Amino acid sequence: MPKPPVRVLRLAVLLLLAAPLSAVLADPAPPELDDLWAGDSPWDDGGVIAVRWHNRQTDPFDRFWRAEITQIALPDGQGRMQPLENGPMSWLRPQRMATDFEAQTTPFLHEYRGYPFWCWPPVPDPHRDTHYLRMDLLTLFPPRQEQEEVALQRKEIDRLKSSGSPHEQVRSAEQELVRKEEALILARARVRAGRYRVQMKYQDAGMGKLEPTGAAMEVSATPDLFNPCRANNLLFSLLLMALILVSVASARRRKPFLKTLPALEAIPEAVRRAAALGRPLLCLVRTDSFLTLPTFASLSTLGEVSARASEAGARMTVPHIDPLVMAAAEELTARPGDNVFVTGEQFAFTAAVTGTMAREKPASCLYLGSYGAESLILAETGAASGAFQVAATDSVDQMPFLVTACDHVLIGEELFAASAALSGDPAGAGTLRAQDLGKALLAGFLLCGAVVATGAALSPEPWSRWMARLMDLAGAF
Amino acid sequence: MGRRRIFLLLALVMWLPMVHPFRFPGLSVTSSVQALHDRIENLPSGANILVSFDFNPGTKAELEPQARAILRHAFKRRLTVLVLGLWPDGWGMTQRIVRDCAATAKLPVKEGRDFILLGSQLGDLNVSLGLGQDIAAVFPRDARGIPLADIPPLRHIRTLKDMHLIVSLGAGEPGPVTWVMFAGDRYRIPMAAGTTSGNVSALQPYVQGGQLLGLVSGMKGAAEYEMLTKEDGSATRGMDSLTLGAFLLIGLVLLANVNDWRKGRS
Amino acid sequence: MGFLKRRLPLLLCVGTGIVFFLQYYVPHPLSQRLLSEASTWVAIVGAFAVLLGLASVLKTHVGRLASVRAGWGYSLVLLMAMAGMTVLGTSCRFQDADPVSGRVTGLGWAYTYVLSPLNATVFATLGFYVASAAVRTFRLKSLEAGLLMATALILVFGRVPLAEALWSRLTTHYDPRQAASIPHSLNSVTEWIVGVPTLAAQRGILFGVALGSLVTALKVILGLDRPYLGMGDKGKD
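Quick caveat, the model's predicted, so the values are computed rather than measured.

Criteria and cut-off values
- Residues numbered from 1 in each chain as written.
- Chains lettered and ligands numbered in written order.
- Predicted model: local features only at pLDDT ≥ 70, side-chain atom pairs only at ≥ 80, totals over all residues.
- Helix = DSSP H or I, 4+ residues; strand = E, 2+ residues; numbered from the N terminus.
- Rg over C-alpha atoms; globule rule 2.2 N^0.38 Å.
- Buried ≥ 20, exposed ≤ 12 C-beta atoms within 10 Å, placed from the backbone.
- Contact = placed C-beta atoms within 7 Å.
- Nonpolar A, V, L, I, M, F, W, Y, C, P; charged D, E, K, R; others polar.
- Pairing = 2+ DSSP bridges.
- Axes fitted to C-alpha atoms, helices over the stretch in contact; angles between N-to-C directions.
- Core = buried A, V, L, I, M, F, W, Y, C linked by C-beta atoms within 7 Å.
- Domains from an automatic or database assignment.
- pLDDT = per-residue confidence, 0-100.
- Expected span 1.5 Å × (residues − 1).
- Arc of directions from axis to C-beta.
- Right-handed = clockwise from strand over helix to strand, strands pointing away.

Asks: Account for the overall build of chain B, with residues named and values stated.
Replies: If you tally the helices and strands in chain B, you get ten helices and six strands. Its C-alpha radius of gyration of 21 Å places chain B within 12% of the 18 Å reference for a compact globule of 266 residues. The dimensions of chain B, computed from C-alpha atoms along their principal axes, are 80 × 35 × 30 Å. Taking all 266 residues of chain B together, 52% fall into the buried category. Sequence separation of 24 or more characterises 73% of the internal contacts of chain B that already satisfy a separation of 6 or more.

Below, the structure is given as structure tokens:
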């Protein structure tokens, strides 16, 4: 067989070498995104789109990624979607696209830490990186025109006011501002309700522009009617409600045993002392705000104390720091005139009350509610004036001061129990029982948790592993 | 010993160091204060921090030194500081403190460039929730009356989520707990607090739980912060009075117990 | 009339309670808007309540002044101060500094040089009361009292730099073989006391407070406790 010519051999060798070289030099295939998904971010008030995907391969360190989102339709005034030609585009860059499993998935799961297990996303595959982006539509597509109009209108109002323009002109400008602010609210609602297209793109060094990868997805954000991440909270509340109703019904049939506390016995004693000595009973209902629950409990207790004082013929003085609380107390006390508003300033109130104590020398002082730094000033002045003092507070940081300066103190939940215990009302006793049962349940969980956690830390394998899993299971609720 | 004598002795002992400073040694920095200092120290120049003055003149004795120490540090690091308050009756005091810190800063500090006084709003959680949506909706203008859109640093700061750190200085409600619950936890923004020494225990659960990265406690905490930033502020000078007052207190307690023991014997 | 005075308030309270109880679980924007509207209404009602307070103050102090009862001098001072601040405030549109020139107004002056120092003064008296309470309370009468006193002494010393310096000196002179078991920093002892047993006790109390608050709220929502009905039937079932 004749040998092929040298030139042909050289060409064949060159072709054989060039094949792999051309494969190397040609554009690489775009990176694949497994299970690419985009949709409404769940369990929120709408306006947020979520994008999720996995990728298996290692990215080059200089690869640039971004998720592009384009507005393709917005609702009109009647709620019908109107498509947009060349709608605005915005983008969001994922934090990192590295392959470190921990770094990528921990932030992802961190968002759900503390939520019950039914709110957890699917467990990430340890062999793949899971990425999750939340795209807040108002951040990406702020209604700039409406925002600028509102800003300009505010400037115009400032200019009119500072130049001393007539009142009608200023008022008209303010009305225009209200219209523009309403337009801004509507514009924001339209953005949140619009339709969008999401496309993942990447760019490597040497590439002229970003290239798409993965399919483009059309999405819209919708508000949800129920947040299942709070379902455990709802279940517990409903359970407690049921417990209260059952306990109250049971208490009406047969009143439960209520343990007497020295501090609870001290309240009627304070009333009797005031009646016997002919000096007033000073009662303070101290609150940060009318709306707090210790306020309700304190007002209920005040009502009971007032009824007893009225029966015993004792005078009462009830200075208030909050006018709303004073208004409520006037409805609950036997003598509405006992309630006096002093001032809303914390230390001015303290100075006024200590002055009252120094002048009137009350026989007894009752401190009910949430106290601040003034608690010791009040209690020490009361002690100096020779009063019998009882405090009932939920303020954990003031308890030490009140315990040292007062004769008796009801701490924490005892404040909430006081009115029920004083009234002797079966329904009140029933709710106390429900409260105790709830506390017993919590204490049981705490004890079990402490035992399991201690076991997980101290016991040998495989027991410690099982206990750690038990802890995780408990944390999953 | 009579109450009045105790008060007189205490007043004398605490006044003495103000006339003749002793500079007692031994101040050491707690981990909570160190953590806040390190966080501010490691923020890049131009980072945004929000400082909320949630107190009124009643508690300024302990909280003002903390505020000054933190603000001076932030100005030194060239951070953009947004200042607001949740207690309207403390706003006048807040403006004076911030402007005074700016005027006495070593580097030039300008309102509207390095710090912005947003204002004060009573509304506690609604304020922090609203700030999480849009700062300009809650505070359309700053304390000088200038619309926020016209303030250059605020063109890039729209919501609380643009903050690198929130520091709440307060000892009541609304205060640090409000910010932790409705800003720190909700928007995952790093949070720190400063409070009076009597209120520290109420915030310890949040430090232990990691919701507060740092906690400055009372005048001692402010003195620790001043030590870290190498400043000689009012807290450092006040530590002498605090030291002598504490020793007097212990001495009186021990004296009272010795007296009781002697009476018991006789 | 029974319906208007008893049933209607009860229905309103229970209905509103249930609506806002469920609002927490509904993330829809309408739900959030309901909450913010209700909060605005509450703030407006609260603002009007200041008028109630003002009426109460005037009634008390003008009455005392008119009948020249004991303490009428204090009432005169209070009314003059109230009138003065009102005049100062209205004259400068309740601004403590002029927004343009930055000049302090009368209200700003009164705030800076009267109100602020007075507030700080009363707060400062707390220090004196702490001293007198401590001297009165920390006595070795029993084991518990002794424990209280010892803990208080450690915590007071732990806040004081000089004590920290003395403690370090004392502990460094101790037998090095046992040094590992002695904390070299009083700060660490103080932090442990505040961070472990105190916090544990506080958490227990906070659990109780939270549960008590929850039960109180549910009692009002379920209509079992009706303080809004007043003294008539003590507002309870």
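Asks: Before we move on, could you go through the interface of chain A and chain C and cite the residues and values that matter?
Replies: Facing 56 residues of chain A, the contacting portion of chain C comprises 52 residues. Ranked by residue count, the leading element in the side of chain A that touches chain C is helix α14 (residues 426-458) of chain A, at seven residues. Class assignment of the residues belonging to the side of chain A that touches chain C gives a composition of 35 nonpolar, ten polar and eleven charged.

Asks: Give me the lowdown on the interface of chain B and chain C, citing residues and values where you can.
Replies: In this assembly, 39 residues from chain B lie in contact with 39 residues from chain C. Among the secondary structure elements, those contributing two or more residues to the side of chain B that touches chain C are α1 (3-19), α3 (60-76), α4 (91-103), α8 (200-208) and α10 (234-265) of chain B. With eleven residues, the single largest contributor to the side of chain B that touches chain C is α10(B). The class makeup of the residues in the side of chain B that touches chain C is 19 nonpolar, 15 polar and five charged.

Asks: Run through the sheet that holds strand β4 (residues 165-170) of chain B, naming residues and quoting values.
Replies: Residues and elements named next belong to chain B. Spatial ordering of the open sheet is given by β3-β2-β1-β4-β5-β6, a layout of six strands whose pairing is parallel. Each edge of the open sheet is held by one strand with a lone partner, namely β3 (115-120) and β6 (214-217). Between one strand axis and the next, the sheet turns through 15° on average, direction left out of account. Pairing geometry for strand β1 (residues 48-54) and β4, over six bridges, is parallel. Bridged to F53 within β4 is L169. Each of β1, β2 (80-85) and β3 is contacted by α4, which is oriented at about 175° to β3, the strand it contacts most.

Asks: An account of the environment of F20(C) is needed here, citing residue identities and associated values.
Replies: Residues and elements named next belong to chain C. Structurally, F20 can be placed in helix α1 (residues 2-23). Under the C-beta neighbour-count criterion, F20 is labelled partly exposed, with 14 such atoms within 10 Å. When the C-alpha atoms of F20 and L34 are compared, they prove to be 8.8 Å apart, with 14 residues separating the residues in sequence.

Asks: An account of the nonpolar core is needed here, citing residue identities and associated values.
Replies: Ranked by size, the top nonpolar core spans 172 residues in total, and within it L281(A), C283(A), L366(A) and V83(B) carry the most contacts. The residues that make up this core include at least three from each of domain 2 (239-251 + 436-475) and domain 3 (262-424) of chain A. Sequence-distant contacts of C283(A), that is, excluding residues within four places in its chain, are made with L302(A), V305(A), M316(A), V318(A), L366(A) and L368(A).

Asks: Quick rundown of the sheet that holds strand β9 (residues 281-286) of chain A? Include the residues and the values.
Replies: Whether parallel or antiparallel, the strands of a sheet pair through hydrogen bonds between backbone atoms. All names here are of chain A. Spatially, six strands are ordered β11-β10-β9-β12-β13-β14 in an open sheet, and the strand pairing comes out parallel. Both edges of this open sheet fall to β11 (339-341) and β14 (408-411), since each of them pairs with a single strand only. Sheet twist, expressed as the average angle between the axes of neighbouring strands with direction ignored, equals 15°. Summarising the sheet, β9 and strand β12 (residues 364-369) pair through six bridges and their orientation is parallel. In the strand pairing of β12, C283 is matched with L366.

Asks: Give me the lowdown on the confidence of the model for chain C, citing residues and values where you can.
Replies: Residue and element names in this part refer to chain C. On average, chain C scores 83 in pLDDT, and the residues at 70 or more come to 88%. Per-element confidence in chain C is highest for helix α3 (residues 72-91), whose mean pLDDT is 91, and lowest for helix α7 (residues 176-179), whose mean pLDDT is 52. Predicted confidence for residues 233-237 stays below pLDDT 50, and this span has 13 contacts to residues more than four positions away or in other chains.

Asks: So what's going on with helix α2 (residues 31-42) of chain B? Residues and values would help.
Replies: Residue pairs spaced three or four apart in an α-helix point in one direction, given the helix's 3.6 residues per turn. Residue and element names in this part refer to chain B. Here α2 spans 16 Å end to end across twelve residues, near enough to the 16 Å set by a 1.5 Å rise per residue. Of all the residues in α2, the buried ones are S32, V33, L36, H37 and I40. Projection of α2 onto a plane perpendicular to its axis shows the buried side chains occupying an angular sector of 130°, all on one side. Exposed and oriented more than 90 degrees from the buried face of α2 are S31, E41 and N42. In this fold, the buried residues of α2 make contact with α3, β4, β5 (191-195), α8, β6 and α9 (218-228).

Asks: Can you explain the pairing of β5(B)? Please cite residues and give values.
Replies: Residue and element names in this part refer to chain B. When you tally the buried positions in β5, you get five out of five residues, the bulk of the element. Covered by surrounding structure in β5 are M191, A193 and T195 together with A192 and G194, the residues of both alternating faces. The pairing of β4 with β5 spans four bridges and is classified as parallel. Of the residues in β5, the one forming a bridge with V167 is A192. In this fold, the crossover linking β4 to β5 by way of helix α7 (residues 176-187) has right-handed handedness. Traced from β5 through α8 to β6, the parallel crossover comes out right-handed.

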